[in-house]
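Below are the chains, spelled out letter by letter.
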Amino acid sequence: MRSKEKCLRITSIGGQALIEGIMMRGPKKTCIAVRNPGGEIVFEEVDLHPIKEKYPVLGFPFIRGTVAFIESLKIGYGALSRSIELSGMEEEDEPSKFERWLTKKFGEKVDSFIMGLAGVLGVALAVFLFIFLPILLFNLLLKVCGEGLAPWRSLCEGVMRILIFILYVAAVSLIPDIKRVFQYHGAEHKTIFCYEAAEEMTVENVRKHSRFHPRCGTSFMVLILLIGIFVGIFIPFENPFLRSLAKIICIPIVMGVGYELIKICGRYQNILTAIVSAPGKWVQRLTTKEPDDKMIEVAIAAMSKVIPEDGADLL
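This section reports on the structure supplied with the text. (Residues numbered from 1 in each chain as written. Predicted model: local features only at pLDDT ≥ 70, side-chain atom pairs only at ≥ 80, totals over all residues. Heavy atoms only, no water.)

### Quick notes on the sheet that holds strand 2 (residues 21-25)
Read from one edge of the open sheet, four strands run 1-2-3-4, paired in antiparallel fashion. Since the sheet does not close on itself, it has two edges, and those belong to strand 1 (14-18) and strand 4 (41-47), each with one partner. The sheet shows a mean angle of 15 degrees between the axes of neighbouring strands, taken without regard to direction. Direction of pairing for strand 1 relative to strand 2: antiparallel, over a ladder of five bridges. Its bridge partner lying in strand 2, Ala17 is registered against Ile22. Sheet strands in contact with helix 5 (residues 176-196) are strand 1 and strand 2, and its direction is about 160 degrees off that of strand 1. (Pairing = 2+ DSSP bridges. Helix = DSSP H or I, 4+ residues; strand = E, 2+ residues; numbered from the N terminus. Axes fitted to C-alpha atoms, helices over the stretch in contact; angles between N-to-C directions. Contact = heavy atoms within 4.5 Å.)

### So, the nonpolar core
Ile22, Met24 and Met303 are the most contacted members of the largest nonpolar core, which totals 24 residues. Counting only elements with at least two residues in this core, the list comes to strand 2, strand 3 (29-35), helix 5, helix 6 (203-207) and helix 10 (293-306). Residue contributions to this core peak at eight residues, all from helix 10. Setting aside its immediate chain neighbours within four residues, Ile22 contacts Gln16, Cys31, Ile32, Ala33, Tyr184, Ala187, Glu188, Val298, Ala299 and Ala302. Core analysis: the second largest hydrophobic core is formed by 12 residues, Phe165, Ile166, Val169 and Phe182 among them. (Core = buried A, V, L, I, M, F, W, Y, C linked by side-chain atoms within 4.5 Å. Buried < 20%, exposed > 50% of the residue type's maximum accessible area, 1.4 Å probe, protein only.)

### Points about empty space enclosed by the protein
Over the atoms a probe the size of a water molecule is rolled, and this reveals where empty space is left. Under the defined criterion, the tally for this structure stands at one cavity of 30 Å³ or more. The calculated volume of the largest cavity comes to roughly 50 Å³. Lining the largest cavity are Pro214, Ser219, Val222, Leu223, Ile262, Cys265, Val276, Ser277, Pro279 and Gly280. Here the lining of the largest cavity gets four residues from one element, more than from any other, and that element is helix 9 (residues 271-287). Tallied by class, the residues present in the lining of the largest cavity amount to seven nonpolar, three polar and no charged. (1 Å grid on protein atoms, 1.4 Å probe; cavity = no way out; pocket = protein on both sides within 12 Å on 5 of 7 lines; lining within 4 Å. Points joined across faces, edges and corners; volume = space filled by probe spheres on them. Nonpolar A, V, L, I, M, F, W, Y, C, P; charged D, E, K, R; others polar.)

### Quick notes on helix 5
An α-helical turn contains 3.6 residues, so a residue and the one three or four places further along point in the same direction. For helix 5, with 21 residues, the first-to-last C-alpha span of 31 Å sits near the 30 Å given by 1.5 Å per residue. Among the 21 residues in helix 5, 16 count as buried, and that is most of the element. Following helix 5 by one or two positions, Ala198 adopts a phi angle in the positive range, close to 60 degrees. (Expected span 1.5 Å × (residues − 1).)

### Points about the packing of aromatic side chains
Under the definition given, this model contains five aromatic pairs. Judged by centre distance (6.1 Å) and plane angle (25 degrees), the rings of Phe128 and Phe132 are stacked. Taken together, the residues Phe128 and Phe132, both in helix 3 (residues 110-145) and four residues apart, mark about one turn of the helix. Residues Phe230 and Phe234 carry aromatic rings whose centres are separated by 5.3 Å and whose planes lie at 70 degrees to one another, so their mutual orientation is edge-to-face. Each member of the aromatic cluster is reached from another via a ring pair, and the members are Phe128, Phe132 and Phe241. Directly above the ring of Phe43 sits Lys305, whose terminal nitrogen or CZ lies 4.7 Å from the centroid. (Phe/Tyr/Trp six-rings, centres within 6.5 Å; stacked < 30°, edge-to-face > 60°. Lys NZ or Arg CZ within 6 Å of the ring centre and 35° of its normal.)

Structure (structure tokens):
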């Protein structure tokens, strides 16, 4: 836990676990580090140009949360796709009839079409599982238990949403490839903690640190789910479609508040931030696993590439 970490400095550097690698994001650039089939660590570095540099208003508190989330999704998805290529996990099988039809129909744009379709289906599934389904289930529960349960609608929906999230993460963590990604996730957190402790980033030093970090995407998701319970109290609709639409409209508000809380928890260490961070750190027990030494080596390699010499990453 962070309260047990000897933090001499706090960095804005964050990361994301990839297929056989890690993407670290510093204030000026990102670095993808992946272990290829030959056992070597290969790198790809990209300079960062956040949209808030062009439109400063997008960097204002409570606005920047949604903007940062969208930018992180875009960068993270690209890094994940690239890590699949660098790790040698791309399938070399003969394309199916459907794949050949897509290539004939869309030509060179077939990859963009597939990624776009996957993104749309992913968003639709997320809306169904985490917004529509809990509302529908509560309405069914209301018919069984009576109107006396109505005042607890938002809390019950929120608990269902959190349970669905935890069950989903627990289920995917059983997949061997996903478990390795979660191990890289643990390596990422440990390496950041080691850097924040002002220790030399060696495998031995990194290994001893915690894998539970307050500035984690998992913690952000858990905070969003908890804040959504409070926001849901003020949504009067019972109809699943109207209530789902209202919740979708409120997502930027929820993200904005959640982002500010995550930043506060990452910067300060006190009893209040410990309480706010606790649920997310608990769920990180599912999304992070203890890494092996080779995974830590990849994390150190990625981290070393994005630390700016001028200390621009320090908060």
